[in-house]
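# Report on the structure
Spelled out from the first residue to the last, the chains are:
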Amino acid sequence: MQFANRVKKVQSSAIRDLLRYGTDPSVISFGGGYPDPQLFPSDKLRAVYETLLCKHAHRALQYTVSDGIPELRAQIAQRMRDDGTSCTADDVLVLHGAQQGLDLVAKMMLEPDDTVVVEDPTFLGATIAFNVFEPRYATVRMDGEGMDMEHLEAVLRVNPSVKLIYTMPDFQNPTGVTMSLARRHRLIELANQFDVLILEDSPYRSLRFEGSHLPTLKSLDTEGRVVFLGSFSKIMAPGLRLGWAVASGDVLGKLARLKLAADTQCSTVNMMAASLFLDTYPIEEHIATVCAAYSRKRGLMFQALDSTFPSSVHYTRAEGGLFTWLTFPDGFDATRFMLDEALPKAKVAYVPGEPFFATTPHINHARFNFSALPEVTITSGMTRLGELLSAYLPHVTTSIEQIA
Ligand SMILES: Cc1ncc(COP(=O)(O)O)c(C=O)c1O
(Lines give C-alpha, C1' and ligand atoms only; values in the text may rest on other atoms or scores of the structure.)
Protein backbone atom coordinates (compact mmCIF):
# COMPACT_ATOMS: atom_id res chain seq x y z
CA MET A 1 0.00 0.00 0.00
CA GLN A 2 1.22 3.47 -0.85
CA PHE A 3 0.46 6.06 1.84
CA ALA A 4 0.49 9.79 1.22
CA ASN A 5 3.78 11.56 1.82
CA ARG A 6 2.26 13.68 4.57
CA VAL A 7 1.71 10.61 6.73
CA LYS A 8 5.47 10.17 7.01
CA LYS A 9 5.59 13.49 8.84
CA VAL A 10 2.96 12.47 11.37
CA GLN A 11 4.78 11.38 14.46
CA SER A 12 3.39 9.99 17.68
CA SER A 13 3.57 12.45 20.53
CA ALA A 14 6.90 12.15 22.31
CA ILE A 15 5.07 13.41 25.39
CA ARG A 16 2.52 10.62 25.26
CA ASP A 17 5.35 8.13 24.85
CA LEU A 18 7.13 9.55 27.88
CA LEU A 19 3.91 9.79 29.88
CA ARG A 20 3.70 5.99 29.75
CA TYR A 21 6.32 6.01 32.49
CA GLY A 22 3.99 8.02 34.69
CA THR A 23 1.17 5.47 34.53
CA ASP A 24 2.80 3.27 37.23
CA PRO A 25 0.66 4.13 40.29
CA SER A 26 3.74 4.34 42.51
CA VAL A 27 5.16 7.12 40.29
CA ILE A 28 4.34 10.80 40.91
CA SER A 29 4.04 12.32 37.43
CA PHE A 30 4.34 16.04 36.77
CA GLY A 31 4.23 15.21 33.08
CA GLY A 32 0.67 15.59 31.81
CA GLY A 33 -0.93 18.92 31.02
CA TYR A 34 -4.19 17.94 32.62
CA PRO A 35 -6.53 20.12 34.68
CA ASP A 36 -7.40 18.89 38.19
CA PRO A 37 -10.40 16.54 37.74
CA GLN A 38 -11.54 17.34 41.30
CA LEU A 39 -12.30 20.83 40.02
CA PHE A 40 -14.48 19.79 37.11
CA PRO A 41 -17.96 21.28 37.63
CA SER A 42 -19.38 17.74 37.44
CA ASP A 43 -22.59 18.30 39.42
CA LYS A 44 -23.48 21.38 37.42
CA LEU A 45 -22.75 19.62 34.15
CA ARG A 46 -24.85 16.64 35.26
CA ALA A 47 -27.79 18.98 35.95
CA VAL A 48 -27.31 20.68 32.60
CA TYR A 49 -27.21 17.40 30.63
CA GLU A 50 -30.26 16.15 32.53
CA THR A 51 -32.23 19.24 31.55
CA LEU A 52 -31.12 18.95 27.95
CA LEU A 53 -31.91 15.27 27.59
CA CYS A 54 -35.23 15.52 29.47
CA LYS A 55 -36.55 18.71 27.92
CA HIS A 56 -34.66 19.37 24.69
CA ALA A 57 -33.60 15.95 23.47
CA HIS A 58 -34.86 16.42 19.93
CA ARG A 59 -32.60 19.38 19.36
CA ALA A 60 -29.70 18.23 21.54
CA LEU A 61 -29.36 14.89 19.75
CA GLN A 62 -29.88 16.26 16.22
CA TYR A 63 -27.37 17.60 13.68
CA THR A 64 -26.96 21.35 13.79
CA VAL A 65 -25.18 24.18 11.98
CA SER A 66 -21.50 23.82 11.23
CA ASP A 67 -20.27 27.10 12.73
CA GLY A 68 -21.68 26.27 16.18
CA ILE A 69 -25.07 26.87 17.79
CA PRO A 70 -25.92 30.60 17.69
CA GLU A 71 -26.40 31.04 21.45
CA LEU A 72 -22.95 29.62 22.24
CA ARG A 73 -21.30 31.78 19.56
CA ALA A 74 -23.03 34.82 21.11
CA GLN A 75 -21.88 33.86 24.62
CA ILE A 76 -18.29 33.36 23.45
CA ALA A 77 -18.41 36.73 21.68
CA GLN A 78 -19.64 38.34 24.91
CA ARG A 79 -16.76 36.74 26.88
CA MET A 80 -14.29 37.99 24.28
CA ARG A 81 -15.73 41.53 24.56
CA ASP A 82 -15.58 41.35 28.37
CA ASP A 83 -11.90 40.49 27.89
CA GLY A 84 -11.36 43.59 25.73
CA THR A 85 -11.52 42.09 22.24
CA SER A 86 -14.15 43.50 19.92
CA CYS A 87 -16.13 40.53 18.63
CA THR A 88 -19.64 39.55 17.52
CA ALA A 89 -21.19 36.09 17.23
CA ASP A 90 -20.43 36.21 13.49
CA ASP A 91 -16.69 36.36 14.25
CA VAL A 92 -16.79 33.10 16.24
CA LEU A 93 -16.38 29.53 15.00
CA VAL A 94 -16.95 26.78 17.58
CA LEU A 95 -14.27 24.09 17.38
CA HIS A 96 -13.41 20.65 18.69
CA GLY A 97 -11.03 22.20 21.20
CA ALA A 98 -8.32 24.71 20.34
CA GLN A 99 -6.44 21.74 18.86
CA GLN A 100 -8.81 21.69 15.89
CA GLY A 101 -7.97 25.34 15.29
CA LEU A 102 -4.28 24.43 14.94
CA ASP A 103 -5.17 21.87 12.28
CA LEU A 104 -7.61 24.09 10.38
CA VAL A 105 -5.36 27.16 10.35
CA ALA A 106 -2.43 25.07 9.11
CA LYS A 107 -4.69 23.52 6.45
CA MET A 108 -5.82 27.02 5.41
CA MET A 109 -2.31 28.48 5.17
CA LEU A 110 0.40 25.93 4.46
CA GLU A 111 1.77 24.39 1.29
CA PRO A 112 4.65 21.91 1.67
CA ASP A 113 7.90 23.77 2.49
CA ASP A 114 6.18 26.98 3.58
CA THR A 115 7.71 28.25 6.79
CA VAL A 116 5.97 28.54 10.14
CA VAL A 117 7.57 30.70 12.81
CA VAL A 118 7.31 29.11 16.24
CA GLU A 119 8.57 30.01 19.67
CA ASP A 120 11.64 28.16 20.88
CA PRO A 121 10.42 26.04 22.68
CA THR A 122 6.85 25.61 21.42
CA PHE A 123 3.75 23.46 22.04
CA LEU A 124 4.33 19.93 20.78
CA GLY A 125 0.64 19.46 19.94
CA ALA A 126 0.97 22.35 17.49
CA THR A 127 3.96 20.98 15.62
CA ILE A 128 2.24 17.59 15.49
CA ALA A 129 -0.79 19.28 13.87
CA PHE A 130 1.33 21.42 11.51
CA ASN A 131 3.60 18.56 10.39
CA VAL A 132 0.77 16.99 8.40
CA PHE A 133 1.10 19.95 6.01
CA GLU A 134 4.87 19.43 5.61
CA PRO A 135 6.13 22.89 6.60
CA ARG A 136 9.60 24.04 7.54
CA TYR A 137 10.07 25.71 10.92
CA ALA A 138 11.91 28.86 11.88
CA THR A 139 12.33 29.25 15.63
CA VAL A 140 12.46 32.49 17.59
CA ARG A 141 14.23 32.88 20.94
CA MET A 142 12.14 33.32 24.08
CA ASP A 143 12.96 35.14 27.27
CA GLY A 144 10.91 36.24 30.28
CA GLU A 145 8.83 38.58 28.07
CA GLY A 146 8.01 36.02 25.39
CA MET A 147 9.25 36.00 21.79
CA ASP A 148 12.30 38.14 21.15
CA MET A 149 11.04 40.64 18.57
CA GLU A 150 14.48 41.60 17.22
CA HIS A 151 15.13 37.96 16.53
CA LEU A 152 11.68 37.60 14.96
CA GLU A 153 12.36 40.52 12.64
CA ALA A 154 15.67 38.98 11.59
CA VAL A 155 13.95 35.63 10.97
CA LEU A 156 11.23 37.27 8.86
CA ARG A 157 13.83 39.14 6.81
CA VAL A 158 15.71 36.00 5.80
CA ASN A 159 12.66 33.75 5.34
CA PRO A 160 10.38 35.03 2.58
CA SER A 161 8.40 31.77 2.74
CA VAL A 162 6.98 32.54 6.20
CA LYS A 163 3.18 32.40 6.06
CA LEU A 164 2.31 31.97 9.69
CA ILE A 165 3.57 32.99 13.13
CA TYR A 166 2.35 30.66 15.86
CA THR A 167 2.43 32.09 19.38
CA MET A 168 1.01 31.42 22.83
CA PRO A 169 1.18 34.88 24.43
CA ASP A 170 -0.47 33.88 27.72
CA PHE A 171 1.26 31.39 30.06
CA GLN A 172 2.96 29.63 27.19
CA ASN A 173 3.10 25.85 26.99
CA PRO A 174 5.72 24.69 27.93
CA THR A 175 7.48 27.66 29.58
CA GLY A 176 4.63 29.42 31.42
CA VAL A 177 5.95 32.76 30.09
CA THR A 178 3.61 35.65 29.12
CA MET A 179 4.39 38.06 26.29
CA SER A 180 4.84 41.69 27.39
CA LEU A 181 2.59 44.47 26.11
CA ALA A 182 5.35 46.17 24.12
CA ARG A 183 6.15 42.90 22.33
CA ARG A 184 2.47 42.30 21.56
CA HIS A 185 2.34 45.66 19.77
CA ARG A 186 5.60 44.95 17.96
CA LEU A 187 4.41 41.52 16.85
CA ILE A 188 1.37 43.07 15.19
CA GLU A 189 3.58 45.65 13.43
CA LEU A 190 5.91 42.95 12.14
CA ALA A 191 3.05 40.74 10.93
CA ASN A 192 1.62 43.72 9.02
CA GLN A 193 5.00 44.64 7.58
CA PHE A 194 5.83 41.10 6.41
CA ASP A 195 2.26 40.17 5.43
CA VAL A 196 1.88 37.05 7.59
CA LEU A 197 -0.94 35.57 9.65
CA ILE A 198 -0.62 35.32 13.44
CA LEU A 199 -2.10 32.28 15.15
CA GLU A 200 -2.74 33.33 18.76
CA ASP A 201 -3.29 30.16 20.78
CA SER A 202 -4.52 31.07 24.25
CA PRO A 203 -6.25 28.20 26.08
CA TYR A 204 -4.84 29.31 29.46
CA ARG A 205 -5.76 32.98 29.19
CA SER A 206 -8.42 32.95 31.94
CA LEU A 207 -6.09 31.22 34.40
CA ARG A 208 -4.21 34.29 35.64
CA PHE A 209 -3.28 34.13 39.34
CA GLU A 210 -1.29 37.37 39.58
CA GLY A 211 0.08 40.26 37.53
CA SER A 212 -1.70 42.56 35.10
CA HIS A 213 -4.27 41.68 32.50
CA LEU A 214 -2.81 42.13 29.03
CA PRO A 215 -4.73 42.63 25.78
CA THR A 216 -5.12 39.77 23.33
CA LEU A 217 -3.18 40.08 20.10
CA LYS A 218 -6.56 39.90 18.39
CA SER A 219 -7.64 43.10 20.15
CA LEU A 220 -4.51 44.85 18.79
CA ASP A 221 -5.00 43.46 15.27
CA THR A 222 -5.27 46.32 12.77
CA GLU A 223 -5.50 44.37 9.49
CA GLY A 224 -7.52 41.24 10.31
CA ARG A 225 -4.45 39.01 10.37
CA VAL A 226 -4.82 37.40 13.82
CA VAL A 227 -6.72 34.18 14.43
CA PHE A 228 -7.43 33.82 18.16
CA LEU A 229 -7.99 30.34 19.63
CA GLY A 230 -9.74 29.86 22.97
CA SER A 231 -10.83 26.73 24.82
CA PHE A 232 -13.32 25.45 27.37
CA SER A 233 -10.88 22.67 28.30
CA LYS A 234 -9.25 24.46 31.21
CA ILE A 235 -12.25 26.47 32.43
CA MET A 236 -14.95 23.75 32.15
CA ALA A 237 -13.65 20.32 31.14
CA PRO A 238 -11.47 19.01 28.30
CA GLY A 239 -13.80 16.03 27.75
CA LEU A 240 -16.37 18.40 26.23
CA ARG A 241 -13.88 18.99 23.39
CA LEU A 242 -15.01 22.56 22.87
CA GLY A 243 -12.95 25.54 21.85
CA TRP A 244 -13.36 28.46 19.48
CA ALA A 245 -11.68 30.61 16.87
CA VAL A 246 -12.18 34.35 16.49
CA ALA A 247 -11.13 35.80 13.15
CA SER A 248 -12.16 38.44 10.64
CA GLY A 249 -14.94 37.60 8.16
CA ASP A 250 -12.95 36.33 5.20
CA VAL A 251 -10.59 34.21 7.31
CA LEU A 252 -13.38 32.84 9.48
CA GLY A 253 -15.37 31.88 6.38
CA LYS A 254 -12.45 29.81 5.08
CA LEU A 255 -11.97 28.13 8.46
CA ALA A 256 -15.71 27.39 8.66
CA ARG A 257 -15.65 25.67 5.26
CA LEU A 258 -12.64 23.60 6.30
CA LYS A 259 -14.42 22.63 9.52
CA LEU A 260 -17.49 21.57 7.56
CA ALA A 261 -15.28 19.39 5.38
CA ALA A 262 -13.48 17.91 8.38
CA ASP A 263 -16.24 16.98 10.81
CA THR A 264 -19.52 18.73 9.88
CA GLN A 265 -19.96 20.29 13.34
CA CYS A 266 -19.11 19.97 17.03
CA SER A 267 -21.36 17.79 19.19
CA THR A 268 -24.78 19.49 19.44
CA VAL A 269 -25.41 18.22 22.96
CA ASN A 270 -22.01 19.36 24.20
CA MET A 271 -22.40 22.82 22.67
CA MET A 272 -25.88 23.13 24.21
CA ALA A 273 -24.48 21.95 27.56
CA ALA A 274 -21.73 24.56 27.52
CA SER A 275 -24.25 27.22 26.57
CA LEU A 276 -26.77 26.26 29.25
CA PHE A 277 -23.93 26.07 31.79
CA LEU A 278 -22.87 29.63 30.90
CA ASP A 279 -26.51 30.79 31.14
CA THR A 280 -27.20 29.09 34.46
CA TYR A 281 -24.00 29.41 36.50
CA PRO A 282 -21.56 32.25 36.98
CA ILE A 283 -18.51 30.88 35.14
CA GLU A 284 -16.29 33.62 36.59
CA GLU A 285 -16.90 32.16 40.08
CA HIS A 286 -15.85 28.74 38.86
CA ILE A 287 -12.75 30.18 37.18
CA ALA A 288 -11.88 32.02 40.41
CA THR A 289 -12.07 28.73 42.34
CA VAL A 290 -9.85 27.00 39.79
CA CYS A 291 -7.34 29.88 39.83
CA ALA A 292 -7.20 29.88 43.64
CA ALA A 293 -6.54 26.13 43.70
CA TYR A 294 -3.86 26.25 40.97
CA SER A 295 -2.24 29.26 42.55
CA ARG A 296 -1.89 27.34 45.84
CA LYS A 297 -0.44 24.34 44.00
CA ARG A 298 1.95 26.53 42.05
CA GLY A 299 3.05 28.07 45.36
CA LEU A 300 3.82 24.61 46.77
CA MET A 301 5.81 23.69 43.67
CA PHE A 302 7.80 26.94 43.85
CA GLN A 303 8.37 26.42 47.59
CA ALA A 304 9.84 22.96 46.99
CA LEU A 305 11.93 24.27 44.09
CA ASP A 306 13.31 27.05 46.30
CA SER A 307 13.97 24.87 49.33
CA THR A 308 15.08 21.49 48.00
CA PHE A 309 16.42 21.98 44.45
CA PRO A 310 20.05 22.96 43.84
CA SER A 311 20.49 26.66 43.06
CA SER A 312 21.90 25.74 39.63
CA VAL A 313 18.39 24.69 38.56
CA HIS A 314 16.31 27.66 37.37
CA TYR A 315 12.58 27.85 36.80
CA THR A 316 10.03 30.25 35.31
CA ARG A 317 7.67 31.99 37.75
CA ALA A 318 4.53 31.58 35.61
CA GLU A 319 1.83 34.09 36.58
CA GLY A 320 -0.87 31.62 35.54
CA GLY A 321 -1.57 28.56 33.44
CA LEU A 322 -0.47 25.04 34.30
CA PHE A 323 3.30 24.86 33.91
CA THR A 324 6.72 25.90 35.04
CA TRP A 325 9.82 25.27 32.93
CA LEU A 326 13.04 24.12 34.50
CA THR A 327 16.51 24.85 33.15
CA PHE A 328 19.30 22.62 34.38
CA PRO A 329 23.00 23.35 33.97
CA ASP A 330 24.42 23.03 30.43
CA GLY A 331 25.14 19.44 29.52
CA PHE A 332 22.55 17.99 31.91
CA ASP A 333 20.41 15.47 30.02
CA ALA A 334 16.89 15.72 31.46
CA THR A 335 15.65 12.63 29.57
CA ARG A 336 18.50 10.39 30.75
CA PHE A 337 18.20 11.72 34.29
CA MET A 338 14.49 10.91 34.36
CA LEU A 339 14.92 7.40 33.00
CA ASP A 340 18.08 6.48 34.94
CA GLU A 341 17.60 8.38 38.20
CA ALA A 342 14.28 10.12 38.84
CA LEU A 343 12.02 7.20 37.92
CA PRO A 344 13.87 4.32 39.59
CA LYS A 345 15.17 6.23 42.63
CA ALA A 346 12.61 8.96 43.38
CA LYS A 347 9.61 7.50 41.51
CA VAL A 348 9.02 10.88 39.88
CA ALA A 349 8.28 11.68 36.21
CA TYR A 350 8.14 14.93 34.25
CA VAL A 351 8.33 15.87 30.57
CA PRO A 352 11.90 16.42 29.40
CA GLY A 353 12.15 19.59 27.29
CA GLU A 354 13.69 18.12 24.16
CA PRO A 355 10.52 17.45 22.10
CA PHE A 356 9.31 21.05 22.54
CA PHE A 357 12.10 22.41 20.32
CA ALA A 358 11.00 22.45 16.68
CA THR A 359 14.45 22.65 15.10
CA THR A 360 17.44 22.24 17.44
CA PRO A 361 16.72 20.25 20.58
CA HIS A 362 18.11 21.35 23.94
CA ILE A 363 18.48 18.59 26.48
CA ASN A 364 18.73 20.52 29.75
CA HIS A 365 15.09 21.50 30.27
CA ALA A 366 11.91 19.97 31.63
CA ARG A 367 8.24 20.96 31.86
CA PHE A 368 6.50 20.52 35.19
CA ASN A 369 2.72 20.64 35.57
CA PHE A 370 1.30 21.93 38.85
CA SER A 371 -2.45 21.65 38.22
CA ALA A 372 -3.21 17.94 38.11
CA LEU A 373 -1.84 16.46 41.33
CA PRO A 374 -3.12 16.87 44.91
CA GLU A 375 -1.22 19.39 47.03
CA VAL A 376 0.56 16.88 49.30
CA THR A 377 1.68 14.86 46.30
CA ILE A 378 3.21 17.96 44.70
CA THR A 379 5.23 18.65 47.81
CA SER A 380 6.38 15.08 48.35
CA GLY A 381 7.23 14.47 44.66
CA MET A 382 9.14 17.74 44.25
CA THR A 383 10.98 17.22 47.55
CA ARG A 384 12.04 13.70 46.52
CA LEU A 385 13.27 14.99 43.19
CA GLY A 386 15.02 18.01 44.71
CA GLU A 387 16.91 15.82 47.17
CA LEU A 388 17.95 13.42 44.43
CA LEU A 389 19.14 16.31 42.24
CA SER A 390 21.04 17.90 45.12
CA ALA A 391 22.99 14.69 45.55
CA TYR A 392 23.45 14.20 41.79
CA LEU A 393 24.10 17.63 40.30
CA PRO A 394 27.32 18.80 42.00
CA HIS A 395 28.90 15.55 40.82
CA VAL A 396 27.64 15.99 37.24
CA THR A 397 28.63 19.66 37.10
CA THR A 398 32.17 18.68 38.03
CA SER A 399 32.38 16.13 35.26
CA ILE A 400 30.95 18.63 32.73
CA GLU A 401 33.57 21.18 33.81
CA GLN A 402 36.30 18.58 33.53
CA ILE A 403 35.23 17.76 29.98
CA ALA A 404 35.23 21.48 29.11
C1 LIG B 1 -1.05 25.68 23.97
C2 LIG B 1 -2.15 24.71 23.75
N3 LIG B 1 -2.92 24.84 22.68
C4 LIG B 1 -3.95 24.02 22.43
C5 LIG B 1 -4.24 22.98 23.29
C6 LIG B 1 -5.40 22.09 22.98
O7 LIG B 1 -6.46 22.41 23.80
P8 LIG B 1 -7.93 21.84 23.59
O9 LIG B 1 -8.19 20.90 24.71
O10 LIG B 1 -8.80 23.05 23.64
O11 LIG B 1 -7.97 21.19 22.25
C12 LIG B 1 -3.47 22.79 24.43
C13 LIG B 1 -3.76 21.69 25.34
O14 LIG B 1 -3.21 21.48 26.35
C15 LIG B 1 -2.39 23.68 24.66
O16 LIG B 1 -1.60 23.56 25.72
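Because the structure is a prediction, the values reported are computed rather than measured.

### Side note on the sheet that holds strand 11 (residues 323-327)
Pairing is antiparallel in the open sheet, where four strands are placed in the order 10-11-14-13. Each of the sheet's edge strands pairs with one partner strand only, and the pair in question is strand 10 (314-315) and strand 13 (351-352). Here strand 10 runs beside strand 11; their pairing, made up of two bridges, is antiparallel. Directly across from Y315, in strand 11, lies its bridge partner L326.

### Observations regarding the site of the ligand
Among the 13 residues in the neighbourhood of the ligand, the closest are listed as A98, D201, Y204, S231 and S233. Here an oxygen atom of the ligand and a backbone polar atom of A98 are 2.7 Å apart. One of the side-chain N or O atoms of S231 is found 2.6 Å from an oxygen atom in the ligand. Within the complex, 91% of the 400 Å² of free accessible area of the ligand lies under protein. Per-class residue counts for the shell around the ligand are five nonpolar, five polar and three charged.

### Things to note about the packing of helix 6 (residues 97-109) against helix 7 (residues 124-131)
As a packed pair, helix 6 and helix 7 sit with axes 9 Å apart at the nearest point and diverge in direction by 35°. Two packed elements cross with a definite hand, and for helix 6 against helix 7 that hand is right-handed. Residues Q99, L102, D103 and A106 of helix 6 touch helix 7, and the partners they reach there are G125, A126, A129 and F130. Of the residues assigned to the contact of helix 6 with helix 7, the class counts are five nonpolar, two polar and one charged.

### Quick word on the environment of L260
Along the polypeptide, L260 turns up in helix 11 (residues 249-263). Classification of L260 by relative accessible area gives partly exposed; the value is 49%. The sequence separation of L260 and V65 amounts to 195 residues, and the corresponding C-alpha distance is 9.2 Å.

### Observations concerning the pattern of salt bridges
Under the defined criterion, the tally for this structure stands at 27 salt bridges. Residue D114 is joined to K163 by a salt bridge in which the shortest nitrogen-to-oxygen separation is 2.5 Å. In this pair, D114 is assigned in the loop between helix 6 and strand 3 (115-120) and K163 in strand 6 (residues 162-167), connecting sequence segments 49 residues apart. Taking the relative accessible area as the measure of exposure, D114 reaches 11% and is therefore buried. For K163, a relative accessible area of 28% translates into the label partly exposed. Each member of the salt-bridge network shares a partner with another, and the members are D83, D170, R184 and R205.

### Notes on helix 3 (residues 42-55)
Between its first and last C-alpha atoms helix 3 spans 20 Å; for 14 residues at 1.5 Å apiece the expected length is 20 Å, and the two agree. Restricting attention to buried positions, one finds in helix 3 the residues L45, V48 and L52. When helix 3 is viewed along its axis, its buried side chains cluster within an angular range of 65° and face the same direction. Turned more than 90 degrees away from the buried face of helix 3, the exposed residues are D43, R46, C54 and K55. Against the buried residues of helix 3 lie helix 4 (57-60) and helix 12 (268-280).

### A look at the domain arrangement of the protein chain
Bring the parts together and some accessible area is lost; that lost area is often taken as the interface size. When its domains are assigned, the protein chain resolves into domain 1 (11-40 + 285-403) and domain 2 (42-280). Using only C-alpha atoms to locate each centre, domain 1 and domain 2 end up separated by 27 Å. Across the boundary between the two partners, domain 1 contributes 31 residues, which contact 31 residues of domain 2. Buried area between domain 1 and domain 2, both sides added, is near 2700 Å², and the carbon and sulfur share of it is 65%. By the criterion of area lost to domain 2, the three top residues of domain 1 are F40, E319 and F356, representing 23% of everything that side buries. Scanning the region where domain 1 abuts domain 2 turns up two salt bridges.

### Brief notes about the packing of aromatic side chains
Counting across every chain of the model gives 14 aromatic pairs. Geometrically, the ring pair formed by F302 and Y315 is tilted, given 5.0 Å between the ring centres and 40° between the ring planes. Here F302 is found in helix 13 (residues 283-308), whereas its partner Y315 is found in strand 10, with 13 residues between them in sequence. A single burial state applies to F302 and to Y315, both of which are buried. Ring pairs connect the aromatic residues F328, F332, F337 and Y392, which therefore count as one cluster.

### Things to note about the sheet that holds strand 8 (residues 226-231)
With mixed pairing, the eight strands of this open sheet are ordered in space as 2-9-8-7-6-3-4-5. Two strands close off the open sheet at either side, each with one partner strand: strand 2 (92-95) and strand 5 (146-147). As paired elements, strand 7 (residues 197-201) and strand 8 share four bridges and run parallel to each other. Along strand 8, the bridge assignment pairs L199 with V227. Packed on one face of the sheet, helix 7 meets strand 3, strand 4 (136-143), strand 6 and strand 7 and runs near 165° to strand 4.

### Re a nonpolar patch on the surface
A cluster of nonpolar side chains, M1, F3 and V7, forms an exposed patch at the surface whose accessible area comes to about 410 Å². Positionally, V7 belongs in helix 1 (residues 5-8). Judged by relative accessible area, V7 falls into the partly exposed class, the value being 44%.

### What to know about the pairing of strand 8
Buried residues dominate strand 8, accounting for six of its six residues. A two-sided burial pattern is seen for strand 8, the buried positions comprising V226, F228 and G230 on one face and V227, L229 and S231 on the other. Where strand 8 lies against strand 9 (residues 243-246), four bridges are found, and the strand directions are antiparallel. Counted as the bridge partner of G230 is W244 from strand 9.

Definitions and limits used
Residues numbered from 1 in each chain as written. Predicted model: local features only at pLDDT ≥ 70, side-chain atom pairs only at ≥ 80, totals over all residues. Heavy atoms only, no water. Pairing = 2+ DSSP bridges. Helix = DSSP H or I, 4+ residues; strand = E, 2+ residues; numbered from the N terminus. Near = heavy atom within 4 Å. Polar contact = N/O pair within 3.5 Å; in protein donor to acceptor, adjacent residues only side chain to side chain. Areas by Shrake-Rupley, 256 points an atom, 1.4 Å probe, with all protein chains shown as cover. Nonpolar A, V, L, I, M, F, W, Y, C, P; charged D, E, K, R; others polar. Axes fitted to C-alpha atoms, helices over the stretch in contact; angles between N-to-C directions. Left-handed = near helix turned anticlockwise from the far one by under 90°. Contact = heavy atoms within 4.5 Å. Buried < 20%, exposed > 50% of the residue type's maximum accessible area, 1.4 Å probe, protein only. Salt bridge = Lys/Arg side-chain N within 4 Å of Asp/Glu carboxyl O. Expected span 1.5 Å × (residues − 1). Arc of directions from axis to C-beta. Domains from an automatic or database assignment. Buried area = accessible area lost by both parts, 1.4 Å probe. Phe/Tyr/Trp six-rings, centres within 6.5 Å; stacked < 30°, edge-to-face > 60°. Patch = residues over 30% accessible without salt bridge, like charges linked within 9 Å, V, L, I, M, F, W, Y side chains within 5 Å.

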